[in-house]
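Residues per chain are reported as follows:
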Amino acid sequence: MPSYPSAVRLREVGLRDGFQNEPETVPTAEKARLAGMLADAGFRRIELTSFVRPDVIPQLADAEELLDAYEKRPGVAYSVLIPNERGLDRALARRERFDEINVFLSASETHNQRNVNRSIAESLAGLERVIGRARAEGLRCEGVISTSFGCPYEGEVPVDRVMGIAERLAEAGCEEVGFGDTTGMANPRQVGEFFAVARERLAGVELTAHFHNTRGQGLANVLAALEQGIDSFESAFGELGGCPVPPGSTGNIASEDLVSMLEEMGIATGIDLERLLEASRRVQEVLGRPLGAHVLTAGPVRWASATGRPAAST
Ligand code: ZN
């Protein structure tokens, strides 16, 4: 039998990774309220927003306003996504309103060019300056590597290239490296082999798995990562998010589905599932449509056994 971690750390990324891909722009006051609901649900890591150019991602153009508006809770590490030094300058004007930054680049040249219009080498050079300045400000840094498990333009992404980028980020000062399956191409066998290598090459670095459920394999990939001892995950409530490529793709793994699975496995998450579902229901009201998370539809496991009506189903 595989052994699993007894507890995990979860970062809720729906307010950023989720909302940036929604067609609607959620009002700042709603975002602030949801940040509070997520903290109430027990999240100790919450990604709030991103300091990308407002004209590029208008859904997050209110980054400053949100940092001013939300209630910052003790014991919660709030992070913001920083694309470049200009974004860092904007964020640092509100230095006391967040605890961590995350920076990102792709492991695929083509994806990186299309995403941020730079080569991987140019991105790394710029991010090293961002990380250096952020560290000098006492900020914890996470580096996220998109398309770590495959690229829609290039196909297979060599593990060695991903590890090389991760090592550069760690040397620059990232205490944590996140590996993104940005368009949901990973499979569990690949994930297991990937993290076996990562644990060896990146000793001392917190390794975080960021899976998308684009092809329904998100939680299977979580299981494969758990079996390699990975105990840090990112997810989005409601299964918010997605990626413009390919169009219509579903989003990050749903926080409620992840929490439900882990808790049923006896792995502590620190999350109150009922309160998390309240936050997801609130988003459904705000967006005016149902979201994709399974547990949001089916309810927690205990409800089903208490109220489920057995029929001729198998
Ligand atoms: Zn994501």
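Quick note: structure is the one above.
Let me begin by describing the structure that accompanies this report. Owing to the predicted nature of the structure, the values given are computational and were not obtained by experimental measurement.

### As for the overall build of the chain
Then, in step 1: For the chain, the helix and strand inventory stands at 13 helices and 8 strands.
Then, in step 2: For 314 residues, the compact-globule estimate of 2.2 N^0.38 gives 20 Å, and the chain sits close to it at 19 Å.
Then, in step 3: With the C-alpha coordinates of the chain rotated into their principal frame, the extents come out at 60 × 45 × 35 Å.
Then, in step 4: The burial tally for the chain puts 56% of its 314 residues in the buried class.
Then, in step 5: Look at the contacts in the chain between residues 6 or more apart in sequence, and 74% of them connect residues 24 or more apart.
Then, in step 6: Placing the 33 positive and 46 negative side-chain charges of the chain at their respective mean positions leaves the two points 2 Å apart.

### So, the packing of helix α7 (residues 159-172) against helix α8 (residues 188-201)
Then, in step 1: Following both chains from N to C, one finds α7 and α8 inclined at 35°, their axes separated by 11 Å at the closest point. With respect to the hand of their crossing, α7 and α8 are arranged in right-handed fashion. Side by side, α7 and α8 meet where Val-159, Asp-160, Val-162, Met-163, Gly-164 and Glu-167 of the first sit next to Phe-194, Val-197, Ala-198 and Arg-201 of the second.

### Description of the sheet that holds strand β4 (residues 100-106)
Then, in step 1: On the basis of which strands lie adjacent, the closed barrel formed by 8 strands has the order β1-β2-β3-β4-β5-β6-β7-β8 and parallel pairing. In this sheet, neighbouring strand axes are inclined to one another by 25° on average, regardless of whether the strands run parallel or antiparallel.
Then, in step 2: Sitting on the sheet, helix α5 (residues 109-116) touches β4 and β5 (140-146), and the angle it makes with β4 is about 120°.

### Some words on the packing of aromatic side chains
Then, in step 1: Tallied over the entire structure, the rule returns 7 aromatic pairs.
Then, in step 2: Between Phe-149 and Phe-211 the ring centres are 5.8 Å apart and the planes differ by 50°, which places this aromatic pair in the tilted class. In this pair, Phe-149 sits in the loop between β5 and α7 while Phe-211 sits in the loop between β7 (206-210) and α9 (218-227), placing the two residues 62 residues apart along the sequence. Per residue, the accessibility class of Phe-149 equals that of Phe-211, and both read buried.
Then, in step 3: By the ring-pair criterion, three or more aromatic residues cluster together here, those being Phe-149, Phe-179, Phe-194, Phe-195 and Phe-211.

### Re the layout of surface pockets
Then, in step 1: Taken as a whole, the second largest pocket spans an internal volume of roughly 160 Å³.
Then, in step 2: Lining the second largest pocket, in full, are Ser-148, Phe-149, Gly-150, Gly-155, Glu-156, Val-157, Val-159, Met-185, Gln-190, Glu-193, Phe-194 and Val-197.
Then, in step 3: By residue number, the principal contributor to the lining of the second largest pocket is α8, which donates 4 residues.
Then, in step 4: Taken together, the residues of the lining of the second largest pocket sort by class into 6 nonpolar, 4 polar and 2 charged.

### Brief notes about the environment of Leu-291
Then, in step 1: With respect to the element layout, Leu-291 can be found in the loop between α11 (273-287) and α12 (294-298).
Then, in step 2: Apart from residues lying up to four places away in sequence, Leu-291 is in contact with Gly-238, Leu-240, Ser-280, Val-283, Gln-284 and Leu-296.

### Overview of unusual backbone geometry
Then, in step 1: The backbone of Asn-117 sits at a positive phi, close to 60°, despite the residue not being glycine.
Then, in step 2: Examined against the element boundaries, Asn-117 turns out to sit in the loop between α5 and α6 (120-136).

### Examining the pattern of salt bridges
Then, in step 1: A full pass over the atoms with the stated rule returns 34 salt bridges.
Then, in step 2: Close ionic contact of Arg-201 with Glu-167 constitutes a salt bridge, the shortest N to O distance being 2.8 Å. Linking Arg-201 in helix α8 with Glu-167 in helix α7, this pair joins segments that are 34 residues apart in sequence.
Then, in step 3: Between Arg-282 and Glu-285 there is a salt bridge, and its shortest N-O distance comes to 3.2 Å. One end of the pair is Arg-282 and the other is Glu-285, both in helix α11 and 3 residues apart, which spans about a single turn.
Then, in step 4: Each of Arg-9, Arg-11, Arg-45, Glu-100, Arg-135, Arg-140, Glu-142, Glu-175, Glu-176, Glu-206, Asp-231 and Glu-234 takes part in a single network of salt bridges with overlapping partners.

### Looking at the environment of Pro-27
Then, in step 1: Structurally, Pro-27 is set in the loop between α1 (14-18) and α2 (28-41).
Then, in step 2: Separated by 17 residues in the primary sequence, Pro-27 and Leu-10 have C-alpha atoms spaced 25 Å apart.

### As for the state of the cysteines
Then, in step 1: According to the stated counting rule, one finds 0 disulfides in the structure shown.
Then, in step 2: Here Cys-174 stays free of any disulfide, with the sulfur of Cys-141 as its closest cysteine sulfur at 5.4 Å.

### Some words on the nonpolar core
Then, in step 1: One finds Ile-101, Leu-169, Phe-179, Phe-195 and Phe-233 to be the most contacted residues of the largest nonpolar core, which totals 96 residues.
Then, in step 2: With 7 residues, α2 is the single largest residue contributor to this core.
Then, in step 3: If we ignore the near neighbours within four places in the chain, the residues touching Phe-195 are Phe-149, Phe-179, Leu-207, Thr-208, Ala-209, Phe-211, Ala-225, Gln-228 and Ile-230.

The rules behind the values
Residues numbered from 1 in each chain as written. Predicted model: local features only at pLDDT ≥ 70, side-chain atom pairs only at ≥ 80, totals over all residues. Heavy atoms only, no water. Helix = DSSP H or I, 4+ residues; strand = E, 2+ residues; numbered from the N terminus. Rg over C-alpha atoms; globule rule 2.2 N^0.38 Å. Buried < 20%, exposed > 50% of the residue type's maximum accessible area, 1.4 Å probe, protein only. Contact = heavy atoms within 4.5 Å. Lys, Arg positive; Asp, Glu negative; His and termini not counted. Charge placed at Lys NZ, Arg CZ, Asp CG, Glu CD. Axes fitted to C-alpha atoms, helices over the stretch in contact; angles between N-to-C directions. Left-handed = near helix turned anticlockwise from the far one by under 90°. Pairing = 2+ DSSP bridges. Phe/Tyr/Trp six-rings, centres within 6.5 Å; stacked < 30°, edge-to-face > 60°. 1 Å grid on protein atoms, 1.4 Å probe; cavity = no way out; pocket = protein on both sides within 12 Å on 5 of 7 lines; lining within 4 Å. Points joined across faces, edges and corners; volume = space filled by probe spheres on them. Nonpolar A, V, L, I, M, F, W, Y, C, P; charged D, E, K, R; others polar. Salt bridge = Lys/Arg side-chain N within 4 Å of Asp/Glu carboxyl O. Disulfide = S-S within 2.5 Å. Core = buried A, V, L, I, M, F, W, Y, C linked by side-chain atoms within 4.5 Å.

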